[in-house]
Every structure is written in C-alpha cells, then in structure tokens.
Amino acid sequence: MLLNPLIKQVRSQLLRGDRYYCPLCDRHFRSFLVGGTDRRPHVRCPNCDSLERHRLLWLALQSVMAASNTKGQKLLHVAPEVCIASPLKTQYDYLSVDMDPAKAMQQMDICQIPLPGESFDAIICNHVLEHIPDDMKALHELYRVLKPNGWASIQVPMVGEETQEDLTITDPSMRARLYGQSDHVRQYGRDFRQRLESTGFQVAIILKSELVQSEDLKKLSLDCESEVWLCHK
Ligand SMILES: [Zn+2]
C-alpha cells in the first residue's frame with residue numbers, strides 16, 4: 001500500500017525508539033510494523049518498508065560492497081524494492097527496470113535485455129522469476145549481461161526441496177492455491193540452486209549466523225530468514 005509520504009514520516013517519528021534497528025535506512029524504532037502475507041508482528045520498517053529478507057540481504061551486500069570500490073560500477077535492479085534502491089543509488093551507477101514503466105527508470109523484459117553482454121558489475125533481481133514462465137531464458141539473460149567476477153542477488157520464494165511447476169495451470173485461484181499467489185507460475189524449492197548453476201552461476205550460501213550476532217537478531221527483526229544466496233560469475 002502506498003502511503004502519503006507525510007503520513008509515513010509522522011508514523012516513523014511516532015515509532016522512534018531504541019528497541020529495533022533498520023540497517024537500510026539507519027534508523028531506530030520502538031516497534032516495527034506487521035508484515036508478510038501472514039501479518040506477523042515487527043516485520044516491516046515504518047520508515048523504508050524493508051522486510052526481513054531485505055535487511056538480511058543488505059547485511060550480506062555490505063561485505064560484498066566493502067570488498068570492492070563500487071564507485072562507477074554499474075548495477076541493474078530488476079523490479080526495484082524502494083528500500084534497497086535508495087541506499088544503492090548512492091553507491092552505484094544505478095539502473096532500475098520493470099515490465100511496468102511506472103515502477104522503474106526503464107521498461108524492460110528481462111527475457112530480452114536490449115543491452116550488450118557484460119554490461120553490469122552487479123544485479124539484483126528478487127522475487128521476479130516466480131512470475132516468469134520461461135525463467136531459464138531470464139536467467140540466461142541475467143548471466144549474459146553480468147560481467148565476469150560480478151555478483152547477482154536472485155531470490156525467489158522457496159518451499160521444500162523440489163520445485164512445483166505446471167505451466168498448463170493458468171487459473172489464478174489454482175495458482176494461488178498451488179504456488180502461493182495468483183500471479184505465480186511455479187513454487188520453487190531449494191532445487192532452484194540447480195537452475196542457477198546450470199545457467200553458469202556459482203552460488204554462495206551465506207548463513208544468517210555469519211552476518212548477525214545472535215543478540216542482534218531481535219533488534220534487526222530477522223527471525224524468519226536463515227540465509228542469503230549470492231550468485232557469482
Ligand atoms: Zn528502514
């Protein structure tokens with residue numbers, strides 16, 4: 001839901017405190033907001049709307065970004081999450097794209113990226129592939145436009161081990177029941193890793209315990225996520 005920026009600012013002020021911390025917008029709060037499809041308490045940052053997965057990813061990216069000089073590096077952000085876009089714009093030569101031109105800097109179908117190979121040093125494409133029938137085509141395109149030694153955050157919602165997929169199922173209510181959302185075309189499992197690797201990516205799994213001290217888990221509200229996958233070329 002898009003809130004009037006002024007209302008959001010007031011809400012964020014009212015919730016100021018020291019119990020919770022959002023590393024994306026660097027602010028402290030006495031409470032986070034409910035979030036997720038199951039409306040769990042203390043999930044969403046009242047200022048930047050970050051969720052657990054955004055905050056954990058950001059912690060992982062901090063170390064990746066610290067390892068190289070990002071000034072002048074090109075980053076492609078697909079279906080941009082505003083909470084991540086804001087801090088990235090200050091660190092990279094940043095381009096956001098989306099099928100909907102109102103949601104990004106450029107309209108783009110990632111199954112046909114109209115750019116030469118090796119155009120980007122980094123790519124973020126989270127919670128997009130579950131909407132794309134030919135996800136392998138999109139993955140090959142992302143791999144093509146990434147530079148050697150570049151990294152990509154390609155997250156999808158995963159349940160269990162095996163991906164469930166039947167592209168003949170097009171009924172939205174059936175898709176919602178089987179794949180968790182009416183516009184999802186499959187439910188990925190952890191075998192998603194094989195799709196990434198068959199494209200050519202090397203997948204590094206970074207555990208939450210490597211990124212956060214256990215005493216900070218509650219403050220950052222990271223209860224739900226356990227790891228971050230980062231792809232390398
Ligand atoms: Zn925030």
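The model shown is predicted, which means the values in this text are computed figures rather than measured ones. (Residues numbered from 1 in each chain as written. Predicted model: local features only at pLDDT ≥ 70, side-chain atom pairs only at ≥ 80, totals over all residues. Heavy atoms only, no water.)

**Concerning the domain arrangement of the protein**
Piece 1. Domains assigned within the protein are domain 1 (1–50) and domain 2 (52–232).
Piece 2. Using C-alpha coordinates to define each centre, domain 1 is positioned 23 Å away from domain 2.
Piece 3. Here domain 1 and domain 2 share an interface that buries about 1,200 Å² over both sides, 57% of which is from carbon and sulfur atoms.
Piece 4. Put simply, domain 1 and domain 2 have one salt bridge between them.
Piece 5. A salt bridge links Arg 40 to Glu 52, with the nearest nitrogen and oxygen atoms 2.7 Å apart.
Piece 6. Summed over the shared surface of domain 1 and domain 2, the result is seven residue pairs in polar contact (both at pLDDT 80 or more).
Piece 7. Counting only elements with at least two residues in the side of domain 1 that touches domain 2, the list comes to β1 (16–22) and β4 (40–44).
Piece 8. Here the side of domain 1 that touches domain 2 gets five residues from one element, more than from any other, and that element is β1. (Domains from an automatic or database assignment. Buried area = accessible area lost by both parts, 1.4 Å probe. Salt bridge = Lys/Arg side-chain N within 4 Å of Asp/Glu carboxyl O. Polar contact = N/O pair within 3.5 Å; in protein donor to acceptor, adjacent residues only side chain to side chain. Helix = DSSP H or I, 4+ residues; strand = E, 2+ residues; numbered from the N terminus.)

**Comments concerning the coordination of the zinc ion**
Piece 1. Within the protein, Cys 22 (SG), Cys 25 (SG), Cys 45 (SG) and Cys 48 (SG) serve as the donor atoms for the zinc ion, at 2.3 Å.
Piece 2. Here the donor residues of the zinc ion share one chain and are spaced in sequence as C-x2-C-x19-C-x2-C. (Donors = N, O, S within 2.8 Å, 3.2 Å for Na, K, Ca; no water.)

**Some words on the pattern of salt bridges**
Piece 1. Summed over all chains, the structure comprises 13 salt bridges.
Piece 2. Ionic pairing is found between Arg 186 and Glu 165, a salt bridge with its closest N-O pair at 2.8 Å. Of this pair, Arg 186 sits in strand β11 (residues 186–187) while Glu 165 sits in strand β10 (residues 164–165), and the two are 21 residues apart along the sequence.
Piece 3. Classification of Arg 186 by relative accessible area gives buried; the value is 1%.
Piece 4. For Arg 195, the salt bridge identified is with Glu 165, shortest N-O distance 3.0 Å. Taken together, the positions of Arg 195 in helix α6 (residues 192–199) and Glu 165 in strand β10 put the pair 30 residues apart, joining distant regions of the chain.
Piece 5. By relative accessible area, which is 34% here, Glu 165 ends up partly exposed.
Piece 6. Overlapping salt bridges bring together Lys 8, Arg 11, Arg 44 and Asp 49 as one network. (Buried < 20%, exposed > 50% of the residue type's maximum accessible area, 1.4 Å probe, protein only.)

**Regarding the pairing of strand β13 (residues 227–232)**
Piece 1. Taking burial as the measure, the six residues of β13 include five buried ones, the bulk of the element.
Piece 2. In the sheet, strand β9 (residues 146–153) pairs with β13 via two bridges, with the strands oriented antiparallel. When the sheet's bridge partners are listed, Trp 151 is paired in β13 with His 232.
Piece 3. Relative to β13, strand β12 (residues 202–207) runs antiparallel, the two sharing six bridges. Looking at β13, one finds that Ala 204 is bridged to Leu 230. (Pairing = 2+ DSSP bridges.)

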